[in-house]
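Listed below are the residues making up each chain.
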Protein chains: 2
Amino acid sequence: MKDPAQSKRPRYVEIADELRARIDSGAYAATGKLPSERDLTIEFDAARNTVRDALGILRGEDLIESRGGSGVYLRTFERIPRDAVERLSRKHWGAGRAVWDSDLQGRDRQENVTVEKVDAPDEVAGTLGVRGEQVWRRSRVYHSEKRPIQQSTAWYPADLVEGTAITKRNTGPGGVYARLDEIGHGPARYREELKVRLPLSAESKTLGITLSTPVILIVRTAYDSSDRPVEVNQMMLDADSYRLIYTFPS
Amino acid sequence: MKDPAQSKRPRYVEIADELRARIDSGAYAATGKLPSERDLTIEFDAARNTVRDALGILRGEDLIESRGGSGVYLRTFERIPRDAVERLSRKHWGAGRAVWDSDLQGRDRQENVTVEKVDAPDEVAGTLGVRGEQVWRRSRVYHSEKRPIQQSTAWYPADLVEGTAITKRNTGPGGVYARLDEIGHGPARYREELKVRLPLSAESKTLGITLSTPVILIVRTAYDSSDRPVEVNQMMLDADSYRLIYTFPS
């Protein structure tokens, strides 16, 4: 910081530049691991917060990621492009494809579904207009490349979906939306509402993320052509695993 | 945790229930402040992480909020409902309204805009298809109720907007989109891409948030009717101040 011509760039940006250059040159390729925050503060003779900001820049560029308790690693997991309008379009599920296929484009995937008939929680019952009635609940955790990336719980009015494959673990080609369509209640429009926060301990365990990795909470409501709400879906996404895309007309 | 019938609810949920009941009864209304994490660990004889999770539940319910260095307060700021499709619709700006008006619905607001002609950064130039050319950059920080809520930087091809009010601080009724429309390049469609992460130090200062309050990064591209990109807008939102809404057909 002695030469005024060089002092324009904050120290944390300089450190980020140096670390980026090392990453690009393959310096950490063998182990995939960066030096600890502590070692970096010593090497660069910088404050902890300065090193954190430098790492924050590289994290924001998707070059590195933190793993709970074990340090900072080169990032290998490519963000999943979740293109909401495309993935939920009739032309997608109407052709027998899973919503999920649109996100993962052939990447490795696992999921485990539990399906239960339960009393509707107040908030869900209010949205679906089925207070005091039962609903079918479908819960699952999605994994890709052995990494949990999303937890979701979806709810359907029991009077509507009783007897359909929506009450089974395997809903068949095109999934829930194709089955709703077959009974005359296929989605005509959707509403997604997003909030973002840090996870609770239990949530961080479910998603295998640190307590300082934000989660994106999405509540989707699907409406049929007569504007009846036919699904409420509460999702919790590991923010580090996703980029969300929304396209719409003016 | 002695009575098995009561032991089903995790301890942090019990503490959250107790604190919620106190909030509802007005126990903290006079000062608007809750006891410190430390005091709560003593009062409830609970581990720090247990108290944190309890507060995390209440934070997730928008009942409380943390303020950097000074503790936990009753939340008074109501989340801004950012309805992307509505706020950016031609019927909105075409009627001379500001995009911003749609979000705030008469709430108190301030903003300060800086407008400059600059060389296009690589990424922006790539999206706008104007490599090596100049662009007009409009930067601003939005406030509502004295709280900074969003920082945004938008870019426009200089050859397109030269001589229009887009190069002025005050763009007039309907803002930038109405002006683009007047020169035959009004937005026909939009693409918003979202990522979420924790802020860098400087970012947390700009938005007046703690380092553990996530930010939502939105990059919007607006396309005219011939599919030319006419705007790139990079936004950083205080995640605690917003709920995002997207509506779209199946």
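Residues numbered from 1 in each chain as written. Chains lettered and ligands numbered in written order. Predicted model: local features only at pLDDT ≥ 70, side-chain atom pairs only at ≥ 80, totals over all residues. Heavy atoms only, no water.

Engineer: Teacher, can you tell me more about the side chain of Q150 of chain A here?
Structural biologist: All names here are of chain A. Within the secondary structure layout, Q150 lies in strand β6 (residues 147–157). For Q150, a relative accessible area of 3% translates into the label buried. Excluding residues within four positions of it along the chain, Q150 makes contact with R140, V141, Y142, L207, M235, M236, L237 and Y242. (Helix = DSSP H or I, 4+ residues; strand = E, 2+ residues; numbered from the N terminus. Buried < 20%, exposed > 50% of the residue type's maximum accessible area, 1.4 Å probe, protein only. Contact = heavy atoms within 4.5 Å.)

Engineer: Whenever I open this one, the pairing of strand β8 (residues 215–223) of chain A confuses me. Can you help?
Structural biologist: Regular strands place their side chains on alternate faces of the sheet. Residue and element names in this part refer to chain A. The buried fraction of β8 is high, at 7 of 9 residues. When strand β7 (residues 189–197) meets β8, the two strands line up antiparallel, connected through 9 bridges. Counted as the bridge partner of E193 is V219 from β8. Here β8 runs beside strand β9 (residues 229–238); their pairing, made up of 9 bridges, is antiparallel. Note on β9: the bridge partner recorded for V219 is Q234. (Pairing = 2+ DSSP bridges.)

Engineer: I keep staring at the UniProt feature "domain: HTH gntR-type" (unreviewed entry) in chain A and nothing clicks. Help me out?
Structural biologist: Residues annotated by UniProt as "domain: HTH gntR-type" (unreviewed entry) correspond here to residues 9–77 of chain A. Across residues 9–77 of chain A, helical content stands at 49% and strand content at 12%; the span's end C-alpha atoms are separated by 30 Å. (UniProt positions renumbered as here; feature names shortened; annotations may be inferred.)

Engineer: How do you make sense of the pattern of salt bridges when you look at a structure like this?
Structural biologist: Pairing between side chains of opposite charge can happen when the charged atoms of each approach one another. Summed over the entire model, instances satisfying the criterion amount to 60 salt bridges over all chains. A salt bridge links R20 of chain B to E61 of chain B; the shortest N-O distance between them is 2.9 Å. Here E61 of chain B lies in the loop between α3 (48–60) and β1 (64–67) and R20 of chain B lies in helix α1 (residues 11–24), a separation of 41 residues in the sequence. The partly exposed category is assigned to E61 of chain B, whose relative accessible area is 37%. The partner of E192 of chain B in a salt bridge is R220 of chain B, with the nearest N and O atoms 2.9 Å apart. One end of the pair, E192 of chain B, is in strand β7 (residues 187–197); the other, R220 of chain B, is in strand β8 (residues 215–224), and 28 residues separate them in sequence. For the residue pair E192 of chain B and R220 of chain B, the accessibility class agrees, reading buried in each case. Linked through salt bridges whose partners overlap, the residues forming this network are R9, D17, R20 and E61 of chain A. (Salt bridge = Lys/Arg side-chain N within 4 Å of Asp/Glu carboxyl O.)

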